[in-house]
Amino acid sequence: MATGAREAAQVRGKWLVSGPPILYLLVFFAAPTLIMAAASLRTPGEFGGLAPLVDEAGKLDLNFDSFARFFTEPVYLEVFVKSVIFATATTVLCLLIAYPLASVIATSPKRVRSLLLLLVILPFWSNFLIRIYAWMIILGPNAALARGVNGMLAWFGAGPVPLLFSSFAVLVCLVYVHLPFMVLPLYANLEKHDPALLDAAQDLGAHAWQRFWRITFPLSLPGVYAGAALVFIPALGIFAIPDLLGGPNDTLIGNLIKQQFLETRDWPFGSVLSIVLTVAALALAGLAAWFGQRATRARALVDA
Amino acid sequence: MQKPGPRSRQGFLIQLRVANEGLRRAMPLLELRQVTRRFGDFTAVDHVDLAIDAGEFFTLLGPSGCGKTTLLRMIAGFEQPDEGQVLLDGVDLADSPPEARPVRTVFQSYALFPHMSVEGNVAFPLQMAKTPAREIPKRVAEALEDVRLTGFGRRYPHELSGGQRQRVAIARALVTHPTMLLLDEPLAALDAKLREEMQIELINLQKQAGITFVYVTHDQTEALALSHRIAVMNRGNVEQVDEPSKVYRFPKSRFVADFIGQCNLFSGTVAARDGGIVSIAVDALGTVRVATPSTIAPGTRASIALRPEQIRIGASQGDTASDNRFRGTVSDLLYMGDVTVYRVRTDGGAEVEALLANSQTGRAKFFEPGDAVEMDWPAAAGHFIED
């Protein structure tokens, strides 16, 4: 029948369109994740890499030794917690800086708006590493900034502090690198707000702060969550910034993973760290979404 | 007509109002004095004077761009007049922002808060006014009852129909018992049937609450049906302020006559004036007589506004005396069910619209295109307008 043939053609067309991206995800995302999960259960090889799956005695060599190592040696958990703290601080600072920025862009005249958006994404045009090196120069001991700060500290009788190779440098650069990822979703959200709602709120007796807190902010929560996820997840696993700008105490979980694969060549433990990172990111994102939903529901009840 | 109690929370203005208690009966609730607002080169509102009394249903009527919404936004406080004053109970509002004014607006888009339930929306102005939390549920329930939405409190705006949203917006605006309610084309988004229902509801609400309504619309039938008084606006000016029947029957200008209802506008030169009857020579039609107290001099240009329903139209009425009688041919007709509008081309070539109720049983309508007819009307039927 003609309709049957048309339906078949439709199904074929659907697969033709969605097939390649699905295949891409399977080959380059699902498969590596499975390989990593399998590697986490194996024994490290004598000269790096993995020991044979089946040992000399003919026994299958799968174990939880690497997982046990992560959870029993406190230094790894410490690094992990430190990473969460850095990522959280980055997210909060990005939000505090991006929110006013995004609302200024969203409320500016249409002509200016695209220019401002262009400026927000302009840093992407230069290489990520080059931008980090730029921060090394800005924060370097001979740069005007460090001299100014230390000059001022000396004036108050405090000793000079290094700006570069410190947690401060790591945080500044983390915020700098991730800021556009917070600005863009927030802007996309705020730009859609109906200005009549703020007129109505004002007409009903709300002053500026109440208008923001009761109308604008709750309506922008989807943008806040999207931005927070886009900042928090990459910030949690980053290694280049602490590598280049951090001090010896600023090792984060990303650095640890890189170290395990490239220097120590302990693939199973590197895999364990990666899995912990992935699971933690997923869990925290899920938790945030759950809290967000509960918060809006609770607010609806309070309003009632 | 005012509810005591909650009002007193509205602060400064109210104290002034109480102080002026003795004066208030003598003066209008809202007074606009020479109010002007310009946007660049464009004058949206041009030296407008208006006085609106307490308890009135007052309508600002005019085509889009006539300045009615700008005027409303100046009363609400969203726009500041470039010149002139807005006085509420004799107090100049220049320094009070919208949130401090005891007036509330119902917006054309309703502007309900999408993240709050119906109850949340209605409670909002009470929370802003720092109403004790214990009182809020009771007040919200009362307001929802007033607009017949009891039981809808837990719903969200996106779960409501257009008419229900409209009522939530009204409940939200009325819950704090404002002095005045400003409505900006509140029925424009509703379909015809619902609009009619809401009109009746608005009239009842206004009567019940005893609150002054200032209503903005471009729909003249709506204005005629709802208002105690109408201000007809055109290009930033108020052309006429009057009761609906007066605005309709005795328009002060050609614009008002033309904008409100259907109207035949005859322009010509005054030929003679004789004991309260002015004869005007109208091109293509002939001499039209109209009753007016005007003492206009012959030779001056003038107009006559004549409503289509004032014209008697018949096949042939013989030679009975009449002030105005013209013969013509039906060129077009508009059958509307209850009435039919006939467009008649007179022998001189003028187009006249006459309206006839389809009241005679057994016949759907009286004339067909091409029929020869005779029209006549007394001098008192037309309305004289000085150009």
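All of these numbers come straight from a predicted model, not from anything done at the bench. (Residues numbered from 1 in each chain as written. Chains lettered and ligands numbered in written order. Predicted model: local features only at pLDDT ≥ 70, side-chain atom pairs only at ≥ 80, totals over all residues.)

Another aspect to go through is the overall build of chain A. Helix and strand counts for chain A stand at twelve helices and zero strands. Counting from the amino terminus, helix and strand elements in chain A follow one another as α-α-α-α-α-α-α-α-α-α-α-α. Computed over C-alpha atoms, the radius of gyration of chain A comes to 25 Å, more than 25% over the 19 Å expected from 2.2 N^0.38 for 304 residues, which places it beyond the range of a compact globule. In terms of principal-axis extent, the alpha carbons of chain A reach across some 90 × 80 × 40 Å. When the 304 residues of chain A are sorted by exposure, 26% land in the buried category. Sequence separation of at least 24 residues holds for 68% of the intrachain contacts in chain A that already meet a minimum separation of 6. (Helix = DSSP H or I, 4+ residues; strand = E, 2+ residues; numbered from the N terminus. Rg over C-alpha atoms; globule rule 2.2 N^0.38 Å. Buried ≥ 20, exposed ≤ 12 C-beta atoms within 10 Å, placed from the backbone. Contact = placed C-beta atoms within 7 Å.)

From N to C terminus, chain B includes ten helices and 20 strands. Referenced to the eigenvectors of the C-alpha coordinate spread, the extents of chain B come out at roughly 80 × 50 × 40 Å. When the 387 residues of chain B are sorted by exposure, 39% land in the buried category.

Facing the 23 residues of chain B at the interface are 18 residues of chain A. Contributions of two or more residues to the side of chain B that touches chain A are made by β6 (103–106) and α4 (118–128) of chain B. Here the side of chain B that touches chain A gets six residues from one element, more than from any other, and that element is α4(B). Classifying every residue of the side of chain B that touches chain A gives twelve nonpolar, six polar and five charged. (Nonpolar A, V, L, I, M, F, W, Y, C, P; charged D, E, K, R; others polar.)

Here we take up helix α11 (residues 253–263) of chain A. All names here are of chain A. Listing the buried residues of α11 in full gives I253, G254, L256, I257 and Q260. In a view along the axis of α11, the buried residues occupy a sector of 165°, so they form one face of it. Among the exposed residues of α11, those pointing more than 90 degrees away from its buried face are L262 and E263. Downstream of α11 by one or two residues, R265 has phi in the positive range, about 55°. (Arc of directions from axis to C-beta.)

Residues and elements named next belong to chain B. Non-glycine residue Y110 carries a positive phi angle of around 70°. Turning to its location among the elements, Y110 is positioned in the loop between β6 and α4. The backbone of A284 shows a phi angle near 70°, a positive value even though the residue is not glycine. On the basis of neighbour count, A284 is assigned to the partly exposed category, with 13 C-beta atoms found within 10 Å.

Moving on to the sheet that holds strand β11 (residues 264–274) of chain B. All names here are of chain B. The antiparallel open sheet is built from five strands, whose spatial order is β13-β12-β11-β14-β20. Because the sheet does not close on itself, it has two edges, and the strands there are β13 (286–291) and β20 (383–386). With direction set aside, neighbouring strand axes in the sheet form an average angle of 45°. Sheet topology note: the strand β12 (residues 277–282)/β13 ladder contains six bridges and is antiparallel. Among the inter-strand pairings, V282 is bridged to a residue of β13, identified as G286. (Pairing = 2+ DSSP bridges. Axes fitted to C-alpha atoms, helices over the stretch in contact; angles between N-to-C directions.)

All names here are of chain A. Axis separation between helix α8 (residues 195–203) and helix α9 (residues 208–237) bottoms out at 10 Å; the angle between their running directions is 135°. If you check the angle between α8 and α9, you find them oblique. Considering how the two elements wind past one another, α8 and α9 form a crossing that is right-handed. On α9, the residues touching L197, L198, A201 and Q202 of α8 are R211, R214 and I215. By residue class, the composition of the contact of α8 with α9 is four nonpolar, one polar and two charged. (Parallel < 35°, antiparallel > 145°, perpendicular 65-115°, else oblique. Left-handed = near helix turned anticlockwise from the far one by under 90°.)

Averaged over every residue, the pLDDT of chain A is 88; the share at 70 or more is 95%. Confidence, read as mean pLDDT per element, is least for helix α12 (residues 267–303) of chain A in chain A (77) and greatest for α8(A) (95). (pLDDT = per-residue confidence, 0-100.)

Turning our attention to the nonpolar core. Counting 103 residues, the largest nonpolar core has I75(B), V122(B), A171(B), L181(B), L182(B), V214(B) and V232(B) as its most contacted members. With six residues, helix α6 (residues 162–174) of chain B is the single largest residue contributor to this core. Leaving out residues up to four positions away in the same chain, L181(B) has contacts with R104(B), V106(B), A173(B), L174(B), I211(B) and F213(B). In this structure, F86(A), Y99(A), C173(A) and L236(A) belong to the second largest nonpolar core, which totals 42 residues. (Core = buried A, V, L, I, M, F, W, Y, C linked by C-beta atoms within 7 Å.)

Here we take up the pairing of strand β9 (residues 229–234) of chain B. All names here are of chain B. With four bridges joining them, strand β3 (residues 57–61) and β9 adopt parallel strand pairing. Looking across to β9, one finds that L61 is bridged to V232. Taking the residues between adjacent antiparallel strands as the criterion, β9 and strand β10 (residues 237–242) are bridged by two residues, where R235 takes a positive phi near 50°.

Residues and elements named next belong to chain B. As for its placement among the helices and strands, G370 is situated in the loop between β18 (351–357) and β19 (372–377). Along the backbone, G370 and V344 are 26 residues apart, and their C-alpha atoms lie at a distance of 9.4 Å. Beyond its immediate chain neighbours, meaning those up to four positions away, G370 contacts T329 and V330.

Turning next to the sheet that holds strand β17 (residues 339–346) of chain B. Residues and elements named next belong to chain B. Taken in spatial order, the five strands make up an open sheet running β15-β19-β16-β17-β18, and their pairing is antiparallel. Both outer strands of the open sheet, β15 (312–314) and β18, are each paired with one neighbouring strand and no more. The sheet shows a mean angle of 40° between the axes of neighbouring strands, taken without regard to direction. Taken together, the seven bridges between strand β16 (residues 324–335) and β17 define a ladder with antiparallel strand orientation. When the sheet's bridge partners are listed, D332 is paired in β17 with R343.

Most of β3(B) is tucked away, with five of its five residues classed as buried. Side chains of β3(B) alternate between two faces, with F57(B), T59(B) and L61(B) and F58(B) and L60(B) buried alike.

Residues and elements named next belong to chain B. Of all residues in chain B, 91% have pLDDT values of 70 or greater, and the mean over the chain is 88. Within the model, pLDDT remains below 50 along residues 1–24, and this stretch shows 21 contacts once partners closer than five positions in the same chain are excluded. As a predicted assembly, this complex carries a pTM of 0.80 together with an ipTM value of 0.81.

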